Amino acid sequence: MDMYLQFSAVYIFVMGITGAGKSTFIQKATGDTEIKIGDGAETKNVQESVVIMEDESGKPFEVHLIDTPGFDDDFDSDTVVLEKIAGWGNSLFGDGKTISGVLYLHDVSVSRMRGSGIRNLEVLPAFIGEEKLQFLTLVTTHWNTLKDSNKEVNNEKSLMTEEKYWRKLLDGDSRANTRRFDNTDGSALEIIREHLQHEFVTRLTHEMVDESMLLGETSAGRIVDKNLDLAYQQALKMAARDPGAIAALEKRLELVKRRLRTKFDKERQLEFLLEMERMKSKQRIFRTIRWVLRLSTVACVSTAIVLTGGVAAPTAGAVPLVEAWAQVWSAHDKDKREKAISNHKSSYDRELADYYGKEELEDGEIADINSLFSCDTLDKS
């Protein structure tokens, strides 16, 4: 990443329910073909991808695309997803960085929005801030996938005109933008390019960092808490009179509710950032030493071969040895960095991992638990 330090860094959140096309969009934007696409392949954790691109004037930017899980995945509740998104946003702000935009992706080939999609739209303005919706772009995806293209156009019109969908985000003094993603790298980059000059702080980060609110006290947290209670009541109906299922639901609810009491720890975050900066400084020094050794070894061996008329050719064996040492040390650097990040983030996921790891749940109970956060019966509420 050293080669990118001369560029201005831009951070953009990519959001949407599973299947909306987030991974495809990021793959097209970055050219990273290793990003998995389709059939639930989208991440359950927040992930970061980087692309170097220019604005209209030719100024280069280092764009960080923050791929977020949707508020509908069976492995996480809305609360856990919001906590992960808040953790990233708060950490960026704690490191002196701002957000440049939020892209919310929606599959235009789908005529009816599920309950999870409605919940996403409810949380969006609370997460960003109603007064900052100009930093939000609503992106339609999966164009030209239906045989009847008129259905896709009608679906788009419905999204923009119906009150329960996008209309409230497109009205008012501060309004979101809409764009079509045509599944090409050029289209993805054009959508991103519109946000390169933007800088803002989300309402969620402002509430948690500046006002020291608990996650559940924030505007977005209150909406998630309300929907959690609604989903819990629906799940209880599904559990009927099964004591085991009801007990599992109650325990799961308590774990999720506890996460709403999460508070941004400024001191812990500062300590982590300082540790990462110390690690980066050491890595820069060792990286420089590695390259000096690589170049010196190659230069010395080449000179020796030339001066000795090839007699010193066996010394060329030193080159792969130095290169092997450099690779080992690079892996060591990466391992240390990943461990530091894992240790810092472990508090966010330990309770949930312990719960799934230790509890022996029946399939029916798991289905009821999943209904807490992916239950489309909320459409009827």
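Residues numbered from 1 in each chain as written. Predicted model: local features only at pLDDT ≥ 70, side-chain atom pairs only at ≥ 80, totals over all residues. Heavy atoms only, no water.

Per an unreviewed UniProt entry, the protein chain goes by the name G domain-containing protein and belongs to Podospora comata.

**Looking at helix α7 (residues 203–210)**
To be explicit about the condition: Here's how the labels work: a residue is buried when its accessible area is under 20% of the maximum for its type, exposed when over 50%, partly exposed in between, all with a 1.4 Å probe on protein chains only. Counting from the N terminus, the helices are the DSSP runs of H or I reaching at least four residues and the strands are the DSSP runs of E reaching at least two.
With 6 of its 8 residues buried, α7 lies for the most part within the structure. For α7, the set of buried residues is Arg203, Leu204, Thr205, Glu207, Met208 and Val209. Just downstream of α7, serine 212 is the residue with a positive phi angle, here 55°.

**A short note on helix α2 (residues 78–94)**
Operational definition: Here a helix's expected span is defined as the number of its residues, less one, multiplied by 1.5 Å.
An ideal rise of 1.5 Å per residue puts 24 Å on 17 residues; α2 measures up with 24 Å between its terminal C-alpha atoms. By the criterion of burial, α2 is predominantly enclosed, with 15 of the 17 residues buried.

**Comments concerning the packing of aromatic side chains**
Quick reminder of the rule: Any pair of Phe, Tyr and Trp rings, taking the six-membered ring for Trp, is counted once the centres come within 6.5 Å. Such a pair is stacked with planes under 30 degrees apart, edge-to-face with planes over 60 apart, and tilted for the rest. Charge-over-ring placement is defined geometrically: NZ (Lys) or CZ (Arg) within 6 Å of the ring centre, and within 35 degrees of the ring normal.
Taken as a whole and assessed by the stated rule, the structure comprises 3 aromatic pairs. The interplanar angle of 80° and the centroid separation of 6.0 Å between the aromatic rings of phenylalanine 13 and phenylalanine 127 together place this pair among those described as edge-to-face. Residue phenylalanine 13 is found in strand β1 (residues 8–15), and its partner phenylalanine 127 is found in helix α3 (residues 115–128); the two are separated by 114 residues along the sequence. With a centroid separation of 4.4 Å and 5° between ring planes, the pair formed by phenylalanine 135 and phenylalanine 200 is classed as stacked. Pair noted here: phenylalanine 135 is in the loop between α3 and β5 (136–141) and phenylalanine 200 is in the loop between α6 (185–193) and α7, with a separation of 65 residues, a long-range link. Assigned by exposure class, phenylalanine 135 and phenylalanine 200 land together as buried. Above the ring of tryptophan 143, the side-chain terminus of arginine 180 is found at 4.0 Å from the ring centroid.

**Points about the pattern of salt bridges**
Rule in force here: We count a salt bridge whenever a side-chain nitrogen from Lys or Arg sits within 4 Å of a carboxyl oxygen from Asp or Glu.
As enumerated under the stated definition, the model contains 15 salt bridges in all. Ionic pairing is found between glutamate 122 and lysine 226, a salt bridge with its closest N-O pair at 2.6 Å. Linking glutamate 122 in helix α3 with lysine 226 in helix α8 (residues 219–239), this pair joins segments that are 104 residues apart in sequence. Looking at lysine 226, the relative accessible area reads 39%, which means it is partly exposed. For the salt bridge of arginine 180 with glutamate 156, the shortest nitrogen-to-oxygen distance reads 2.7 Å. One end of the pair, arginine 180, is in strand β6 (residues 177–180); the other, glutamate 156, is in helix α4 (residues 149–161), with 24 residues separating them in the sequence. Among the residues examined, glutamate 156 registers a relative accessible area of 11% and is labelled buried. When salt bridges with common partners are traced through the structure, they connect Glu130, Glu131 and Arg203 into a single cluster.

**Section: the pairing of β5**
Inclusion rule: When DSSP finds two or more bridges between two strands, those strands count as paired.
The element β5 is largely enclosed, with a buried count of 6 among its 6 residues. What you see with β5 is no split at all: Leu136, Leu138 and Thr140 on one side and Thr137, Val139 and Thr141 on the other are buried throughout. Where strand β4 (residues 101–107) lies against β5, 6 bridges are found, and the strand directions are parallel. Bridge pairing in β5 links histidine 106 to threonine 140. Pairing of β5 with β6 involves 4 bridges; the strand directions are parallel.

**Describing the nonpolar core**
Definition in use: Throughout this description, the term nonpolar core refers to a set of buried Ala, Val, Leu, Ile, Met, Phe, Trp, Tyr and Cys residues connected via side-chain atoms within 4.5 Å. The criterion used for residue contact is that any of the two residues' heavy atoms lie within 4.5 Å.
Core analysis: the largest hydrophobic core is formed by 43 residues, its most contacted members being Met15, Val102 and Leu136. Elements with a contribution of two residues or more to this core: β1, α2, β4, α3, β5, α5 (163–170), α7 and α8. Beyond its immediate sequence surroundings of up to four residues, leucine 136 is in contact with Val102, Tyr104, Leu124, Ile128, Leu169, Ala176, Asn177 and His195. With 22 residues, the next largest nonpolar core counts Val10, Ile26, Phe61 and Ala188 among its residues.

**Comments concerning the sheet that holds β6**
Rules: Fitted lines through C-alpha atoms give the axes, limited to the stretch in contact for helices. The angle between two N-to-C directions lies from 0 to 180 degrees.
Read across the sheet, 6 strands follow the order β2-β3-β1-β4-β5-β6 without closing on themselves; strand pairing throughout is mixed. Lying at the two open borders of the sheet, with one neighbouring strand each, are β2 (47–54) and β6. Recorded for the sheet is a direction-independent mean angle of 25° between the axes of neighbouring strands. The strands touched by α3 within the sheet are β1, β4 and β5, with β4 carrying the most contacts at an inclination of about 170°.

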